[in-house]
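Here are the chains, one letter per residue:
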Amino acid sequence: MDIKSIFERIRRNWIASSIATIIIGLILLLFPAVTLNFISYCLGAVALVMGAIRTVRYFQQDHTYPFLFQSDLVVGLITIGLGIFMMTQPKTVISLIPHLFGILVAGCGVGNILRALDAKKAGLSQWGFLLGLAIISVILGVLIMFNPFGALELVVTIIGGGLVYEGATDLFTTLLLGKRIDAWKKSIQSHE
């Protein structure tokens, strides 16, 4: 695979990731209460299925080498218990979500800071603007993590807005860097 196709694949992946982030953000922004319960039930269902698979796998083995599968039963039962807890106590699970999303948004912001610094090294004149957007992402993530707003639905709405902003920022950054990459690819082609 040549370098041009690698760059094109990376750019397509970044654009798809940005669009997915925007869509998830819009869902959270427009339907916070429904989304929260849905997330908790989905996570619970996934945990139940994973736990059941591990437990069944433990009982299906021939026990010739029991030490290879002994953790399956314990992990399976714990995961089933976790799944039941998530489905029966969604409010507790939901209370953790803003902190996790805050970490995600702040982490993406830090990644965008590094991208902005790379853009500066690459000679992109808009690197300062990209850096400013990235710093706002980090601040937004920290605010979400520490939940100063109180009401969970409001926080989820803010998380949705944060994800829309994050996705749009990533998309904008990717498109700007994409222009620079296109110019670089043309430069490579002219030297071949």
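Residues numbered from 1 in each chain as written. Predicted model: local features only at pLDDT ≥ 70, side-chain atom pairs only at ≥ 80, totals over all residues. Heavy atoms only, no water.

**What about the nonpolar core?**
Core analysis: the biggest nonpolar cluster contains 12 residues, these being Leu 28, Leu 36, Ile 94, Ile 97, Phe 101, Val 105, Leu 140, Ile 144, Val 155, Val 156, Ile 159 and Leu 163. Counting only elements with at least two residues in this core, the list comes to helix H4 (90-121), helix H5 (127-146) and helix H6 (152-191). Aside from chain neighbours lying at most four places away, what touches Leu 140 is Ile 158 and Gly 162. Among the nonpolar cores identified, the runner-up in size contains seven residues, and Ala 116, Leu 124, Leu 131 and Leu 176 belong to it. (Core = buried A, V, L, I, M, F, W, Y, C linked by side-chain atoms within 4.5 Å. Buried < 20%, exposed > 50% of the residue type's maximum accessible area, 1.4 Å probe, protein only. Helix = DSSP H or I, 4+ residues; strand = E, 2+ residues; numbered from the N terminus. Contact = heavy atoms within 4.5 Å.)

**So, the side chain of Thr 169**
Its place among the elements puts Thr 169 in helix H6. Only 2.8 Å separates the side chain of Thr 169 from the backbone oxygen of Tyr 165, close enough to count as a polar contact. Among all residues touching Thr 169, those that are not within four sequence positions of it are Asn 112 and Leu 133. (Polar contact = N/O pair within 3.5 Å; in protein donor to acceptor, adjacent residues only side chain to side chain.)

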